[in-house]
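Structural features, examined
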Amino acid sequence: MNFIERIKKEVMVIDGSMGVFLQTEGLPSGHAPDLWNLERPDVIASVHNHYAKAGSQIVISNSFGATRPRLADYGRQSDVKEINRAAVENARRGGGDNILVAGGSGPTGKLVAPLGDLAFEEAVDIFKEQFSALVEAGADILIIETMFDLMEMKAAVVGANEVRKNVPLIACMTYTADSVTDTGASPEAVCAVMEGLGVDVIGVNCSTGPDEMLDVVRRLGEATHLPICVEPNAGLPVIEKGQTLYKASSDEMANLAPKFVEYGANIIGGCCGTRPDYIEKVCSLVKGAKPASRAKKDGVLISSRSEIIRIGSRFPFVKVGEKINPTGKKKFGAAIKEGRTDLIVMTARKQMEAGATALDVNVGVPMTDESTMMEQAVAAVQNVTHLPLVIDSSGNDAIYAGLRFYSGRPLVNSVNAEPSKLEAVLPMVKRMGAAVIALCAGEDVPESAEKRFDYAKRIYDRALSLGLTKDDIVFDCLAVVVSAMQEGARQTLFTIRKIKEELGCATIIGLSNTSFGLPDRPTINNSFLAMAMAEGLDAAIVNPYDAGMHKAVAGASLFSRR
Ligand code: THG
């Protein structure tokens, strides 16, 4: 039975703290524990052995700080490979034949852009280097621990994904007593991003203490169908006489283990301050217990760093604000040309207040550096709103720029069926864990629903062959200008129905397109909106300032099953 199947059937126990152990073994303060893999391999192996004897079925290699930038603090940046290999070997030797070795990693110590100076790609490379060493050394599992910034976690997972082949990946973040990470990510948003990136197990480690962790575990359990890993501290550290102490007793910590299982934990261990006696008690209470099983929720899941929304038949209609878009707006275009984000930020706020539930971000102005502007816009907008973003550009580089600056799970706008577009956008969406709007168009925008569907199917097939799922795609059935293309506009309605019935996928339109150049645009837009909702439309890019639109959505929702 492979690891993932096994943890769905029985609770497994992972190990406890390495750090406190090494301190009592004489690790000088200020010395990197990772270096002891080479300098004191027997001590490291013996710690692993203690945990194996206490009942741990998984031990984590002593490589938390064995990334290039952290080793550079000790002048050892060229020894990443050697140190990580030794870490896995020590874990294997100490743990014995029946142990699973999880190759572990932790934060680089630098903040990833836009919060800090570390470029996303650089962070990816750092983790790629470490994980490739851990995989080569024979790690059975990979584990990322103690991440407090979702952007860095993303980089770590992207890096791991590029080298891990089929080695399972556990991704653990650490939360404050308010159940958010230090840079503001909620458990739900973490799940959206991690599911999108294809991690196998979502976890929580370290944090304030076992009690405070309960809320996070409960919320993770409600948010994701993926298995959950829980590694609590033995309480918050207190400094006494120059010594770091953890005051929660083994009973205090272990007694919460059954509660963690009830809330959804599949793997339980300990973090700072826990010792083999803690793990022994955890084993006696939950090892082999039957974990809760949770079904995958349908719908396309997108998120900011703190809030999630799902797009699909069973979820509230999604209103994507269209107003961050310079097309036809002189002042907006001029601001972008000057590199200013003030109008963008103001427009984000205003749309949120008007009731938009997601925001489209389009900063395409001819003769400007759209990628840099997209970075700036995404960075600025995610600071002022919790709404999930839709990254809208016809340029592949600008889309990527948005993706590498966004800490949530965005919707990429868009891909079409042209081969060059498919091959540029879909692999990028997959790699970055995003969801995508697929235009039912290719070399042309067909009039008929049949031809639009053919294009949709072409995108769908390619997306699935790249490992995306039907819940990663929202099909844009193409609202066209009704004055010029009356039949084309009617066919949009048939396209919605066909996509819903034959692919079972979520649908969207850019509503305002339909009324370009016509008087009384709201009446035209909102009539069409109600008709499209009758066919099963799940979302629209809309003018959120139009009160009639909100009423149309509310009214039409009464007649659909949402
Ligand atoms: N599908 C997808 N993405 C899209 C569209 C789509 N993105 C862009 C567009 N279509 C949807 N967004 C808008 C934004 C603004 C207006 C219309 C559609 C609009 N704007 C001005 C206004 O505010 O009055 C007028 C601009 C003008 O007259 O040129 O109407 O279909 N996936």
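Before going into details, it helps to say that this report is about the structure given with it. Note that this is a predicted model, so its numbers are computed, not measured. (Residues numbered from 1 in each chain as written. Predicted model: local features only at pLDDT ≥ 70, side-chain atom pairs only at ≥ 80, totals over all residues. Heavy atoms only, no water.)

1. Quick look at the overall build of the chain
- Assigned secondary structure in the chain consists of 22 helices and 20 strands.
- Along the longest, intermediate and shortest principal axes, the C-alpha atoms of the chain span 80 × 50 × 40 Å.
- The 562 residues of the chain split such that 59% are buried.
- Accessible area for the chain stands at about 21,800 Å²; split by element, carbon and sulfur atoms hold 51% of it. (Helix = DSSP H or I, 4+ residues; strand = E, 2+ residues; numbered from the N terminus. Buried < 20%, exposed > 50% of the residue type's maximum accessible area, 1.4 Å probe, protein only. Areas by Shrake-Rupley, 256 points an atom, 1.4 Å probe, with all protein chains shown as cover.)

2. A look at the state of the cysteines
- Per the counting criterion, the structure on display carries 0 disulfides.
- C206 supplies the cysteine sulfur nearest to C271, a cysteine that is in no disulfide, at a spacing of 4.0 Å.
- Of the residues examined, C271 reaches a relative accessible area of 10% and is grouped as buried.
- In this structure C440 is not part of a disulfide, and its nearest cysteine sulfur, from C477, lies 4.6 Å away. (Disulfide = S-S within 2.5 Å.)

3. A look at the sheet that holds strand 3 (residues 100–105)
- An order of 1-10-7-6-5-4-3-2 is seen for the 8 strands of this open sheet, with the pairing classed as parallel. The open sheet terminates on both sides in strands that have one partner only, identified here as strand 1 (12–13) and strand 2 (58–60).
- Relative to strand 10 (residues 265–268), strand 1 is paired through 2 bridges, and the arrangement is parallel. Its bridge partner lying in strand 10, M12 is registered against I267. (Pairing = 2+ DSSP bridges.)

4. Digging into helix 22 (residues 547–559)
- The first and last C-alpha atoms of helix 22 sit 19 Å apart over 13 residues, in line with the 18 Å expected at 1.5 Å per residue.
- Those residues of helix 22 that sit buried are M549, H550, A552, V553, A556 and S557. Buried residues in helix 22, looked at end-on, bunch into an arc of 160°, giving them a common side. Within helix 22, the exposed residues directed more than 90 degrees away from the buried face are K551, L558 and F559.
- Against the buried residues of helix 22 lie strand 13 (318–324), helix 15 (342–354), helix 21 (521–534) and strand 20 (539–542).
- Structurally, the start of helix 22 carries an N-cap: the backbone nitrogen of G548 is 2.9 Å from a side-chain oxygen of D546. (Expected span 1.5 Å × (residues − 1). Arc of directions from axis to C-beta. Contact = heavy atoms within 4.5 Å. Polar contact = N/O pair within 3.5 Å; in protein donor to acceptor, adjacent residues only side chain to side chain.)

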